[in-house]
Amino acid sequence: MSDSVDLEFVPLGDTGLQTSELQFGTWRFGKETEAGNVEIGEERAHELLDAYDAAGGRYIDTADVYGGGKSEEWIGDWLADRDRERYTVASKIYWQIRDGDPNSRGTNRKNVRDRIDALLDRLGTDYVDVLYIHRWDDETPAREMMKTLNGLVEDGKVHYLGASTHRPNAWKVAKANEIARREGWEPFTVAQPRYNLVDREVEGDYLEMTRSYGMAVCPWSPLGQGFLTGKYTREDGLTGESRASESSRFEEAYLTAENFDVHDELDAVADEVDASPAQTALAWLMHRDGVTAPIVGARTVEQLEENLAAAEIDLTDEQVDRLTAAKGGPYADI
Ligand SMILES: NC(=O)c1ccc[n+]([C@@H]2O[C@H](COP(=O)([O-])OP(=O)(O)OC[C@H]3O[C@@H](n4cnc5c(N)ncnc54)[C@H](OP(=O)(O)O)[C@@H]3O)[C@@H](O)[C@H]2O)c1
């Protein structure tokens, strides 16, 4: 692992917990691409966790559906040889896990209570530090959800609650937090929305909501699933070794003229600070008001080492502003 990176701790919003300034995401552990290839196998997964650990990283993000449970299992195996108390582990529940069984989806009481025990078992731990709702469940009343989640906190199975939701749900998170406040229950204190230089829908009311509640903001896909690393070009499109070439949605979502214009500005700033586009894109996010700690993803140890070094990069206000403005449109001056 690179000797120079030593990740620092930062407050996890208004909770009493500290998080590493860059969290590590394990979405791709055991994940099959559309072509049927496993993106990250068990050995590589453990090498990546070792590399993150060696850089001082202590915050691991997973979900019970990642790799059909393999992500949690492999993290659990890795943690078994270590002092679990040194690490902060976040997981998520929501997506349907049994065909034909609508109760195995969402945040209804039956599903939440069933899923928490299964995920703790895979992780080999008595509690998760943060439990996220992976998406908003419109079929379960907010009161039922918050009361059930509060019970998990009271039982000591969960320490903090998180919402991994999107902009249109800002008012729903606020409503759930108001119910919790009224009842004296645990509110959502951590948010995990998609946020990066080209995906900016979280700006505006969602970030105002998180700020108002003192919630931590831990952005996912901080590199636009690899788009912001400089490995795709206008001319060549999808090239090189990448899971994106095995995804039917990536090209349409990311390889757009507007996004390549943003990438031009990213390349310019990256040159100025003598960093890679990936490092510069992560540094921009870390400099954004209201952002706590991006969740870095990586398929290889080399990618991870490159990304973690973003913590060492300083951008001037002028550089941050130029990158912010590159997207244009209504978000440019937020
Ligand atoms: N809450 C949610 O709904 C949600 C959704 C998505 C993700 N997440 C969390 O956020 C984490 C990060 O998301 P993400 O994987 O989409 O993050 P990302 O950083 O936007 O993309 C990571 C991917 O980009 C490529 N990449 C990363 N660094 C690179 C580098 N330095 N050079 C070249 N390519 C590089 C790699 O894929 P290739 O090499 O294959 O191109 C890597 O797997 C996940 O692991 C998960 O924990 C949460």
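Because the structure is a prediction, the values reported are computed rather than measured. (Residues numbered from 1 in each chain as written. Predicted model: local features only at pLDDT ≥ 70, side-chain atom pairs only at ≥ 80, totals over all residues. Heavy atoms only, no water.)

A. Focus on the overall build of the protein chain. Looking only at helices and strands, one finds 11 helices and 10 strands in the protein chain. Along the first, second and third principal axes, the C-alpha atoms of the protein chain reach 50 × 40 × 40 Å. Every one of the 334 residues in the protein chain was classed for burial, and the buried ones make up 57%. Sequence separation of 24 or more characterises 76% of the internal contacts of the protein chain that already satisfy a separation of 6 or more. (Helix = DSSP H or I, 4+ residues; strand = E, 2+ residues; numbered from the N terminus. Buried < 20%, exposed > 50% of the residue type's maximum accessible area, 1.4 Å probe, protein only. Contact = heavy atoms within 4.5 Å.)

B. Here's a closer look at the packing of aromatic side chains. Scanning all chains against the criterion turns up 9 aromatic pairs. Between the aromatic rings of tryptophan 78 and tyrosine 87, the centroid separation amounts to 5.3 Å while the plane-to-plane angle is 70 degrees, which identifies the pairing as edge-to-face. For the pair phenylalanine 227 and tyrosine 254, a centre-to-centre distance of 6.2 Å together with 20 degrees between the ring planes defines the contact as stacked. Residue phenylalanine 227 is located in the loop between strand S9 (216-217) and helix H7 (250-254), and its partner tyrosine 254 is located in helix H7; the two are separated by 27 residues in the primary sequence. Pair check on accessibility: phenylalanine 227 and tyrosine 254 agree, each one buried. Taken together, the aromatic side chains of Phe227, Tyr232, Phe250, Tyr254 and Phe260 make up a single cluster linked through ring pairs. Positioned over the ring face of tyrosine 127 is arginine 84, at 4.0 Å from the centre of the ring. (Phe/Tyr/Trp six-rings, centres within 6.5 Å; stacked < 30°, edge-to-face > 60°. Lys NZ or Arg CZ within 6 Å of the ring centre and 35° of its normal.)

C. Summary view of the sheet that holds S9. Overall, parallel pairing links the 8 strands, which are arranged S9-S8-S7-S6-S5-S4-S3-S10 in an open sheet. Whereas interior strands pair on both sides, the edge strands pair on one side only; in this sheet they are S9 and strand S10 (295-296). Relative to strand S6 (residues 128-133), strand S5 (residues 88-93) runs parallel, the two being bridged by 4 bridges. Its bridge partner lying in S6, lysine 92 is registered against tyrosine 132. (Pairing = 2+ DSSP bridges.)

D. Highlighting a negative patch on the surface. Where like charges cluster on the molecular surface, the negative patch consists of Glu42, Glu43, Glu47, Glu73, Asp77 and Asp81. Contributions of two or more residues to the negative patch are made by helix H1 (42-54) and helix H2 (70-80). Residue contributions to the negative patch peak at 3 residues, all from H1. (Patch = residues over 30% accessible without salt bridge, like charges linked within 9 Å, V, L, I, M, F, W, Y side chains within 5 Å. Areas by Shrake-Rupley, 256 points an atom, 1.4 Å probe, with all protein chains shown as cover. Salt bridge = Lys/Arg side-chain N within 4 Å of Asp/Glu carboxyl O. Lys, Arg positive; Asp, Glu negative; His and termini not counted. Charge placed at Lys NZ, Arg CZ, Asp CG, Glu CD.)

E. Broad picture of the site of the ligand. In the neighbourhood of the ligand, 30 residues make up the surrounding shell, with Asp61, Ser164, Ser221, Lys231 and Arg243 lying closest. A distance of 2.7 Å separates a nitrogen atom of the ligand from a polar atom in the side chain of serine 164. Leucine 223 is positioned with one of its backbone polar atoms (N or O) 2.9 Å from an oxygen atom of the ligand. Here the shell around the ligand takes 3 residues from helix H10 (residues 301-308), the largest share from any one element. Taken together, the residues that form the shell around the ligand break down as 8 nonpolar, 14 polar and 8 charged. (Near = heavy atom within 4 Å. Polar contact = N/O pair within 3.5 Å; in protein donor to acceptor, adjacent residues only side chain to side chain. Nonpolar A, V, L, I, M, F, W, Y, C, P; charged D, E, K, R; others polar.)

F. The arrangement of the pairing of S6 in detail. Within S6, 6 of the 6 residues are buried, which leaves the element mostly enclosed by the surrounding structure. Handedness of the S5-helix H3 (residues 109-123)-S6 crossover: right-handed. Here S6 pairs with strand S7 (residues 158-163) via 5 bridges, running parallel. When the sheet's bridge partners are listed, leucine 131 is paired in S7 with leucine 161. Following the backbone out of S6, through helix H4 (residues 142-154) and into the adjacent parallel S7, one traces a crossover that is right-handed. (Right-handed = clockwise from strand over helix to strand, strands pointing away.)

G. Quick look at unusual backbone geometry. Phi is positive for serine 221, close to 50 degrees, though the residue is something other than glycine. Along the chain, serine 221 turns up in the loop between S9 and H7. For glutamine 225, which is not glycine, the phi dihedral falls at a positive 55 degrees. Summarising the element assignment, glutamine 225 is placed in the loop between S9 and H7. Residue classification places glutamine 225 among the partly exposed positions, given a relative accessible area of 23%.

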